Amino acid sequence: KQSMVLLKNENNILPLKKNLKAIAVIGPNADNPSVMYGNYNGVPSRYVTPLQGIENKVSPKTKVYYAIGNDCVEGQKATVIIPTKYLFSENGNGLRGEYFSNPDLTGNPVTVRTDTTIDFTWDGKSPAENIPVVNYSVRWTGQLVAPDSGKYILSITADDGYRLFIDDSLVINDWVEHAPATKTYDAKFQKDSKHKIKLEYFQKAGGASIQLGWYIYGTDLTKEALDIARKSDVIIYCGGISPLLEGEEMDVPYDGFKGGDRTTIDLPAVQEKMLKELKATSKPVIFVIMNGSALAINWENKNLPAILEAWYPGEEGGTAIADILFGDYNPAGKLPVTFYKSTDQLPPFEDYDMLSDGKNNHGRTYRYFTGEPLYPFGYGLSYTTFAYGNLKVEKSFSTRDNIKIKVDVKNNGKMNGDEVVQLYIKHVSAPVPVPLRSLEGFKRIHLKKGEVKTVEFNLSPSSISVIDDKNKRVVLPGEIELFIGGGQPDKEQIGNGKSVSAKILIKGDVNEIE
């Protein structure tokens, strides 16, 4: 909850009431647990997706409708885990699972059981009784029943190897050790037709996971989403990107992504299209973003009333999101990165210069960026408001002094909440290149409504040092400006109580910092 950042809250539409008649939860990240974990993750014993968190939070009389709405990115079909009602074995719904204590499916299975769905992540855990945590294999067999006539995509994502047989034909074969990877098979099935299915899997080292899903052509995802949107009081759209799109050395063939890197910072077009159609219903749309890196959400910022940045929030992410959306927790997170308006604001990747050149390079990071960001580093809203005043600091110090600063922060709003108090400095008269501003301290405090607290900072000489033209870290005599507030100093904050500032003079000889 502390990490999530409220980016927009027009007319205080948030927090939502828990007793709304109906809520539409839509989007590719709304009920997808794998999106919540990020990369290089452990495996939780349980999880709560945003959909589940919302369902758990609202009143028993509130109807919560769900539709995936669209794929996360164009070309990546929104497959879902094949439900147990379409899988059969001799014991009823589900597939017969035979678990072997070797990676070769040899000998007799150590454990035999019925698995209702194939949706497992076993990293560091035994998959079944008497099976080791590494070097094992599994064979699932049974029947697959098609709910409709038409084209299907059968999808397997696994770490390590796997192969799929349909009606005794090998249709997917990836029987090698590897990190999580997805392969698909296009099929045509008739309604209610039954097909023999055999899925084999082995694990040797490292991660251990396997999911069996499908995508059914002809399903109008947009229509499903708009249908539930129109009969709801509010729409909560959970989108963004995914650890399957951004990561290290990944085979990602979709527009905007390359090898785990990103070629654009735009929100995937298929999501923006869906959001525009949802807005056209005239129902309020709350946008919950889940992502690991910044997104250029210009249209969304201009047209949607509320945006919550949830990142990849972990196994209880759905609970945290619901706590914020419905007011059980007052958000106070601040952006640890700059959200730019477009890729055009970023310098060429091969240009390592931090400073703006006035042309193609606008500068790197909040310390040197000369353009106007979508959301600046350190930005984040709250359900309450804070005022700053009574700044106390001496007017001058020597190059060897610690600088002691005090400031009063008051909660002026109607809700208790946290504030992240941020201290920035600016070198006014430095004879060497320096950042536009630099964050040199921050403290998170909790304030009850109407409460005032005094926050203290102690800047060491190192905090106000610069790099001179001999590549030495030094404290130079000269003028420094301090800014303290709930974000970076800007025209909106300075002078209206949202931040305070002061200029101080550093005197004495040059102090070289060891």
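Focus on the pattern of salt bridges
Pairing is possible between side chains of opposite charge, provided their charged atoms come close.
Thinking step 1. All chains considered together, the criterion is met by 20 salt bridges.
Thinking step 2. Note that R113 and D115 form a salt bridge whose closest N and O atoms lie 2.7 Å from each other.
Thinking step 3. When the shortest N-O distance is used, the salt bridge between E200 and R139 registers 3.0 Å. On the criterion of sequence distance, the pair formed by E200 in strand β15 (residues 194-203) and R139 in strand β10 (residues 136-145) is long-range, its members being 61 residues apart.
Thinking step 4. On the accessibility criterion, E200 (5% relative accessible area) is buried.
Thinking step 5. One network of salt bridges, in which partners are shared, links E90, R96, E98, R139, R163 and E200.

Section: the side chain of Q203
Thinking step 1. Here Q203 lies in strand β15.
Thinking step 2. At 3.3 Å, the side chain of Q203 forms a polar contact with the backbone oxygen of G206.
Thinking step 3. Excluding anything up to four places from it in sequence, Q203 contacts P103, V133, V134, N135, Y136, D159, D160 and A208.

Overview of the pairing of strand β25 (residues 417-427)
Look at any regular strand and the pattern is simple: side chains alternate between the two faces of the sheet.
Thinking step 1. β25 sits mainly inside the fold: ten of its eleven residues count as buried.
Thinking step 2. Of the strand pairs in this sheet, β25 and strand β26 (residues 438-447) are connected by nine bridges, and their pairing is antiparallel. Within β26, the position partnered with Y424 by the bridge is L439.
Thinking step 3. Where β25 and strand β30 (residues 478-485) come together, six bridges link them in antiparallel fashion.

Regarding helix α3 (residues 221-230)
Thinking step 1. Every buried residue of α3 is accounted for by L221, A225, L226, I228 and A229. Buried residues of α3, seen end-on, are gathered within an arc of 165 degrees and therefore sit on one face of the element.
Thinking step 2. For α3, the capping residue at the N-terminal end is D220, with a side-chain oxygen 3.3 Å from the backbone nitrogen of T222.

Thoughts on the nonpolar core
Thinking step 1. The biggest cluster of nonpolar side chains holds 68 residues, and the ones touching the most others in it are L7, I26, I236, L278, F287, I297 and L325.
Thinking step 2. With six residues, strand β20 (residues 285-290) is the single largest residue contributor to this core.
Thinking step 3. What I236 contacts, discounting residues up to four positions off in sequence, is L16, I23, A24, V25, I26, I54, I286, V288 and L325.
Thinking step 4. Of all hydrophobic cores here, the second largest spans 34 residues; its members include L87, F120, W122 and A158.

About the cut-offs
Residues numbered from 1 in each chain as written. Predicted model: local features only at pLDDT ≥ 70, side-chain atom pairs only at ≥ 80, totals over all residues. Heavy atoms only, no water. Salt bridge = Lys/Arg side-chain N within 4 Å of Asp/Glu carboxyl O. Helix = DSSP H or I, 4+ residues; strand = E, 2+ residues; numbered from the N terminus. Buried < 20%, exposed > 50% of the residue type's maximum accessible area, 1.4 Å probe, protein only. Polar contact = N/O pair within 3.5 Å; in protein donor to acceptor, adjacent residues only side chain to side chain. Contact = heavy atoms within 4.5 Å. Pairing = 2+ DSSP bridges. Arc of directions from axis to C-beta. Core = buried A, V, L, I, M, F, W, Y, C linked by side-chain atoms within 4.5 Å.

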